[in-house]
Amino acid sequence: MESEYDHVLELCTLKRFDQARTRLNHLIAEHPHDPGPILVLAHVHILEGSPHAAREAIDRAMIVTPDLQARELVLASRLFRLLGDVTQAISHGRRAVEIDPDLWMAHEALADAYAADPKRNLLLEADYHAAKAAELAAGEPETQPTPEEQVERRSSWTSIRPGVLLVVSILCLMFGATILKWLGRRIEDLLEVDRPQDEFPLVGVLIVLAVGVAGWGIYRAIRIWRGGDRIGPAIQRRRAVSRELHVTLPDKLAVSATSFAGWLCFLPLLVTVWLGIAVLDEKVPPSPGAVAVAAAVVAVLSLLLWPALRWWLGPGQPRRFLTASLTLCIYLLITGGLMATSIIMAAVQVTDERAWITVTVLHFAWMLAVFVPIIKVSNMGRIPG
């Protein structure tokens, strides 16, 4: 059958997808309980730009036999990675490693799946399985992963991520507030909101943030849809894989919690630092409405955090997440303290300029603390089991 597969690949190279599908359908009819031809058919669908048909073929291949082999799961993992579905690629790669932990291809496929989405912070797991694949393939030099591929996995994101975050943080500090206020004023002008010209455009800024969140959600939904998947099941699978990784990979929960601690550094600046603008600019205390809005935002964020964690991680897991990292616990206390201090000072109408300058400087200085979790996560030499 290998010669047939080679011929199919030649037809795909020549863009003769109809002929390739015809030959594969003939092979499927001859071997109805072999998932191999169906998975190759899925690859053909990917090459001709039919992600929906490719997913249907992969799903079909997974149920044609109760005795699914690791090699078929490896191929499924690679196909899902080509489709851009990292969650499914990781899931099938892990199943292949569980079935045959000595199969180098299973470790290589899982390493590629882990490295496919650097934002998931799974590069160390990718390194581990890439090294395992190289070790198991030592007796097969013609199939052993090349050193260039291993170096690419190790350096593709780990080396640039702190620098990227540093540049983004500096740009946000320099231009973020100005651009946000400018967009907010333009939106309020379009909506004819009655507001003094020198007043902070709160309504416009909230609309900008809402549009940004909605745009990001639409972008993600379009990516899922273009990959041939459905949004609801895709989210459920990602949650399931995330829970599995937190349970089975040593220190994964602590890594996620520590990373989350870094993002908390931006919260005080976004939520409460604008309370001191009026004091520093005009020597007048913040209005009661501004204090109420800041307090409401803090309360809503606090109330939403726990249910969101519980929904994503599962029942009984949020407490483990919040206590998995001492850094997260400390950062939560400091973040809450900065916001509470700003709200209390505004509520009691403190107008001392030095006090507000001190709090404002602390808000900005706290953003530099984001690099502590970044360094900690990059130095966590965890080895997955």
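What you are looking at is a predicted structure, and each value in this text was computed from that prediction instead of being measured.

(A) Summary view of the side chain of Glu-108. By the element assignment, Glu-108 lies in helix α7 (residues 104-115). A distance of 3.0 Å separates a polar atom in the side chain of Glu-108 from a polar atom in the side chain of Arg-78.

(B) Representation of the pattern of salt bridges within the structure. Scanning all chains against the criterion turns up 10 salt bridges. Across the pair Asp-85 and Arg-237 runs a salt bridge whose closest N-O atoms are separated by 3.8 Å. With a gap of 152 residues between them, Asp-85 in the loop between α5 (70-82) and α6 (86-99) and Arg-237 in helix α12 (residues 231-248) connect regions that are remote in the sequence. Residue class for Asp-85 comes out buried when judged on its relative accessible area of 10%. Put simply, Arg-237 and Asp-229 hold a salt bridge, and the shortest N to O gap is 2.1 Å.

(C) Inspection of the packing of α5 against α7 at higher detail. The interhelical angle for the contact between α5 and α7, taken along N-to-C directions, is 20 degrees, at an axis separation of 9 Å. Considering the angle they form, α5 stands roughly parallel to α7. Handedness of the crossing formed by α5 with α7: left-handed. In this structure, α5 uses Arg-71, Val-74, Ser-77, Arg-78 and Arg-81 to contact α7, whose residues at the interface are Met-105, Ala-106, Glu-108, Ala-109, Asp-112 and Ala-113. Looking at the contact of α5 with α7, its residues break down into five nonpolar, one polar and five charged.

(D) Looking closely at the packing of helix α13 (residues 252-264) against helix α18 (residues 326-347). Across the interface, α13 lies against α18 with an axial gap of 8 Å and an inter-helix angle of 20 degrees. Between α13 and α18, the angle falls in the class roughly parallel. Judged by the sense of rotation from one axis to the other, the crossing of α13 with α18 is left-handed. Between α13, through Ala-257, Thr-258, Phe-260, Ala-261, Gly-262 and Leu-264, and α18, the contact on the second element is made entirely by Thr-327, Leu-328, Tyr-331, Leu-332 and Thr-335. By residue class, the composition of the contact of α13 with α18 is seven nonpolar, four polar and no charged.

The rules behind these values
- Residues numbered from 1 in each chain as written.
- Predicted model: local features only at pLDDT ≥ 70, side-chain atom pairs only at ≥ 80, totals over all residues.
- Heavy atoms only, no water.
- Helix = DSSP H or I, 4+ residues; strand = E, 2+ residues; numbered from the N terminus.
- Polar contact = N/O pair within 3.5 Å; in protein donor to acceptor, adjacent residues only side chain to side chain.
- Salt bridge = Lys/Arg side-chain N within 4 Å of Asp/Glu carboxyl O.
- Buried < 20%, exposed > 50% of the residue type's maximum accessible area, 1.4 Å probe, protein only.
- Axes fitted to C-alpha atoms, helices over the stretch in contact; angles between N-to-C directions.
- Parallel < 35°, antiparallel > 145°, perpendicular 65-115°, else oblique.
- Left-handed = near helix turned anticlockwise from the far one by under 90°.
- Contact = heavy atoms within 4.5 Å.
- Nonpolar A, V, L, I, M, F, W, Y, C, P; charged D, E, K, R; others polar.

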